[in-house]
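# Examining the three-dimensional arrangement
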Amino acid sequence: MIYLERFRLPDQDQEDAFLSGIRRTCYPTRYPFHVFRYRRMPELEFAPITILAGGNGSGKSTLLNVMAETLGLRRTAVYNRSPFFEDYTALCRCRVTGDGVENGRIITSDDVFDYLLNIRCLNENLDNQREQLLAEYRDLRYSQFRLRSLEDYEELAKHVDATRRTGSDYARTHLMESVPEQSNGESALRFFTEAIGENALYLLDEPENSLSAARQLELQAFLSDSARFFGCQFVISTHSPFLLAIPGAKIYNLDAVPPAVCRWTELENVQAYRAFFRQREKDFTP
């Protein structure tokens, strides 16, 4: 599905016209004005999966944030902005169809890191609860329990439960299963599978962070399936060759002036990977 068809940033003349008409000189920055001023940005046309590629400082994250604010997408993490951000987005133009934009959201690295931090805090709390449950288990299993009245039946049930289980099994059944056992990469991948639904537009800012190569391949397959079978559209900024190689993805090279559509194998970043492994090809021979 395609919910966001086109997006255009203000050109140099529009930026100059706006900036010449303001008197506010007390601000140290007029971001995001000037970021793309001399880049001759074209009107971006989007596919079900569109990738924004480029080196550090190419404006990938800024472009995603500008798009998200212009479209009014949901977001949770804070982002870099200035008092001129709304002035800039007011000059942007876009064409959208359907309700996928209304249901869409932007997901950044900070969203993933916040999720991992919450998991870590939860795990630490679960560890404390586990120790308490193991102590409770020992008390129940080895106590000389006696049934004295009907009010003791609940305690009896706990005692019987403890005698039938190992300590670890007893603690595990009283806690959330598997959460403490997941690595950061597994938890990060789980975050994306939970955060991305159906029939919506998603802007993803470097989703490969915290993911190993194998997990990035899993994410690639998940994103491809979400676009193909579940009505999702993605605009992704990434350095990952695994995500750049998503079949059918439309790639804009933001390092080029003006930015242009290219094949993933033509990107400087991918060529650097290729050269690295070619130079060390003999290391892979038995």
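Let us look at the structure shown here. (Residues numbered from 1 in each chain as written. Predicted model: local features only at pLDDT ≥ 70, side-chain atom pairs only at ≥ 80, totals over all residues. Heavy atoms only, no water.)

## What to know about the sheet that holds strand β1 (residues 4–8)
- Strand order in this open sheet of three strands is β2-β1-β4, and the pairing throughout is antiparallel. Of all the strands in the sheet, just β2 (44–45) and β4 (93–96) have a single pairing partner and so form its edges.
- The sheet contact formed by β1 and β2 spans two bridges and is antiparallel. Within β2, the residue paired with R6 across the bridge is E45.
- Along the sheet, helix α2 (residues 60–71) contacts β1, β2 and β4; its crossing angle with β1, the most-contacted strand, is approximately 115 degrees. (Pairing = 2+ DSSP bridges. Helix = DSSP H or I, 4+ residues; strand = E, 2+ residues; numbered from the N terminus. Contact = heavy atoms within 4.5 Å. Axes fitted to C-alpha atoms, helices over the stretch in contact; angles between N-to-C directions.)

## Describing the sheet that holds strand β8 (residues 250–253)
- With respect to topology, six strands assemble into an open sheet ordered β5-β6-β7-β3-β8-β9, the strand pairing being mixed. Of all the strands in the sheet, the pair left with one neighbour each is β5 (105–107) and β9 (260–262). For this sheet the average axis-to-axis angle between neighbouring strands, irrespective of direction, equals 25 degrees.
- Two strands pair when backbone bridges link them, and β5 and strand β6 (residues 201–205) are joined in this way by three bridges, in the parallel orientation. Residue I107 lies in a different strand from β6, and its bridge partner there is L204.
- Sheet contacts for α2: β3 (49–53), β5, β6 and β7 (233–237); angle to β6, the most-contacted strand, approximately 150 degrees.
- Strands in contact with helix α8 (residues 213–229) are β3, β6 and β7; relative to β7, the strand with the most contacts, it is inclined by about 150 degrees.

## Looking at the pattern of salt bridges
- According to the stated counting rule, one finds 10 salt bridges in the structure shown.
- For R6, the salt bridge goes to E43, with nearest N and O atoms at 3.0 Å. In this pair, R6 sits in strand β1 while E43 sits in the loop between α1 (12–20) and β2, placing the two residues 37 residues apart along the sequence.
- Across the salt bridge formed by D16 and R37, the nearest N and O atoms sit 2.1 Å from each other. (Salt bridge = Lys/Arg side-chain N within 4 Å of Asp/Glu carboxyl O.)

## A look at a nonpolar patch on the surface
- Together, Y273, F276, F277 and F284 line one region of the surface with nonpolar side chains, adding up to about 450 Å² of accessible area.
- You can see F284 is positioned in the segment after α10 (268–279). (Patch = residues over 30% accessible without salt bridge, like charges linked within 9 Å, V, L, I, M, F, W, Y side chains within 5 Å. Areas by Shrake-Rupley, 256 points an atom, 1.4 Å probe, with all protein chains shown as cover.)

## Details of the packing of aromatic side chains
- Under the counting rule described, the total for this entry stands at nine aromatic pairs.
- Each ring, one from F33 and one from F84, has its centre 6.5 Å from the other, and the planes form 90 degrees; the classification is edge-to-face. Taken together, the residues span a long stretch of sequence, with F33 in the loop between α1 and β2 and F84 in the loop between α2 and α3 (85–90) at a distance of 51 residues.
- What makes F33 buried here is its relative accessible area of 3%.
- F84 gets classed as buried once you look at its relative accessible area, which sits at 0%.
- Each ring, one from Y202 and one from F234, has its centre 5.9 Å from the other, and the planes form 25 degrees; the classification is stacked. In this pair, Y202 sits in strand β6 while F234 sits in strand β7, placing the two residues 32 residues apart along the sequence. With respect to burial, Y202 and F234 carry one shared label: buried.
- Joined through ring pairs, the aromatic side chains of F18, F33, F84 and Y88 make up one cluster. (Phe/Tyr/Trp six-rings, centres within 6.5 Å; stacked < 30°, edge-to-face > 60°. Buried < 20%, exposed > 50% of the residue type's maximum accessible area, 1.4 Å probe, protein only.)

## A closer look at the nonpolar core
- With 32 residues, the main nonpolar core has L9, L63, M67, L201, L203 and V235 as its most contacted residues.
- For this core, the secondary structure elements donating two or more residues are β1, α2, α3 and β6.
- The element contributing the most residues to this core is α2, with six residues.
- If near-sequence neighbours (up to four positions away) are discounted, L63 is found in contact with L9, F36, M41, L44, L52 and L254. (Core = buried A, V, L, I, M, F, W, Y, C linked by side-chain atoms within 4.5 Å.)

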